[in-house]
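Examining the three-dimensional arrangement
The chain contents come next:
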Amino acid sequence: MICWGCWMEWEFECLVPGPPIGKGRPRGTSVGGYVRMYTPKGTSEWTRAAALLMRSEWRKPPVDSHVEVEVLAVFPRPKRLMRKRDPEGRIWFGSKPDKDNVDKIVLDSLVMAGVIRDDAKVVCGREMKVYASKFEGPGLWVRMRLVAEAPAFGSDGWPEWD
């Protein structure tokens, strides 16, 4: 699937090993009569670790133009899906975390790593959540590429996806 007239090659591809997580909601605490907001520890630790890995893969200045980002979140397969009659390949993962929260934490990591200047520059993309195959471990695959200056639309007003 091509994103609205994109013909560029993938500029950045990275694997973040380990189980993917979704971005946690900001928390608040009262300190001296004032509310102090903070990011949950698991979210900030995962974001920092992913950003460090992404930074080691990207040795260029941050991209400041429109981009497409694809995310493939591969979650660990539970034992209940390891029976002989269960499919060997990847299967859909239809529970928490929500795919938009996985996308948010990935975009935050891309910004922190200096791959993109601002996540508002991501104009299209796809996210997919699956259980790992019986023979692989969990991980999160991310890839990014530049998109064309203007999106291509068909006569019906919908984008030309392919």
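Coordinates for the structure precede this section.
The notes below deal with the structure included here.

About the cut-offs
Residues numbered from 1 in each chain as written. Predicted model: local features only at pLDDT ≥ 70, side-chain atom pairs only at ≥ 80, totals over all residues. Heavy atoms only, no water. Helix = DSSP H or I, 4+ residues; strand = E, 2+ residues; numbered from the N terminus. Buried < 20%, exposed > 50% of the residue type's maximum accessible area, 1.4 Å probe, protein only. Lys, Arg positive; Asp, Glu negative; His and termini not counted. Salt bridge = Lys/Arg side-chain N within 4 Å of Asp/Glu carboxyl O. Polar contact = N/O pair within 3.5 Å; in protein donor to acceptor, adjacent residues only side chain to side chain. Contact = heavy atoms within 4.5 Å. 1 Å grid on protein atoms, 1.4 Å probe; cavity = no way out; pocket = protein on both sides within 12 Å on 5 of 7 lines; lining within 4 Å. Points joined across faces, edges and corners; volume = space filled by probe spheres on them. Expected span 1.5 Å × (residues − 1). Phe/Tyr/Trp six-rings, centres within 6.5 Å; stacked < 30°, edge-to-face > 60°. Pairing = 2+ DSSP bridges. Axes fitted to C-alpha atoms, helices over the stretch in contact; angles between N-to-C directions.

Some remarks on the side chain of Lys 129
Structurally, Lys 129 is set in strand β6 (residues 122–131). An unpaired buried charge is present at Lys 129: no salt bridge exists, and Asp 98, the closest side chain of opposite charge, is 5.4 Å distant. Of the polar contacts made by the side chain of Lys 129, one reaches the backbone oxygen of Ser 95; its length is 2.6 Å. Within polar-contact distance, the side chain of Lys 129 engages the backbone oxygen of Pro 97 at 2.6 Å. Among residues more than four places away in sequence, those in contact with Lys 129 are Ala 73, Phe 75, Trp 92, Phe 93, Ser 95, Pro 97, Asp 98 and Lys 99.

Some words on the layout of surface pockets
For the largest pocket, the calculated volume is near 200 Å³. Lining the largest pocket we find Glu 13, Cys 14, Leu 15, Glu 70, Val 71, Leu 72, Arg 126, Glu 127, Met 128, Trp 141, Val 142 and Arg 143. Secondary-structure elements contributing two or more residues to the lining of the largest pocket are β1 (12–17), β4 (67–75), β6 and β7 (139–146).

Remarks on helix α2 (residues 99–113)
In this model α2 runs 21 Å from its N-terminal to its C-terminal C-alpha over 15 residues, within 8% of the 21 Å that 1.5 Å per residue would give. Listing the buried residues of α2 in full gives Asn 101, Val 102, Asp 103, Ile 105, Val 106, Leu 107, Ser 109, Leu 110 and Ala 113. Considering only its buried residues, α2 is in contact with β1, α1 (41–57), β4, β6 and β7. At the exit of α2 stands Gly 114, carrying a positive phi of roughly 85°.

Re the packing of aromatic side chains
Summed over the entire model, instances satisfying the criterion amount to three aromatic pairs. Their ring planes at 80° and their centres at 5.8 Å tell us that Phe 12 and Trp 58 sit as a pair that is edge-to-face. Linking Phe 12 in strand β1 with Trp 58 in the loop between α1 and β4, this pair joins segments that are 46 residues apart in sequence. The class for Trp 58 is buried, based on a relative accessible area of 6%. When the centroid spacing of 3.9 Å and the interplanar angle of 10° are considered together, the rings of Phe 75 and Phe 93 count as stacked. In this pair, Phe 75 sits in strand β4 while Phe 93 sits in the loop between β5 (91–92) and α2, placing the two residues 18 residues apart along the sequence. With respect to burial, Phe 75 and Phe 93 carry one shared label: buried. Through a chain of ring-to-ring contacts, the aromatic side chains of Phe 75, Phe 93 and Tyr 131 assemble into a single cluster.

A closer look at the sheet that holds β1
Taken in spatial order, the five strands of this open sheet run β1-β7-β4-β6-β5, and their pairing is mixed. A single partner strand is all that each edge strand has here, and the edge strands are β1 and β5. Relative to β6, β5 is paired through two bridges, and the arrangement is antiparallel. Note on β6: the bridge partner recorded for Trp 92 is Val 130. With respect to the sheet, α1 is in contact with β1 and β7, its orientation differing from that of β1 by roughly 140°. Set on the sheet, α2 makes contact with β1, β4, β6 and β7; between it and β4 the angle comes to about 120°.

That's the geometry; what it means functionally is another story.
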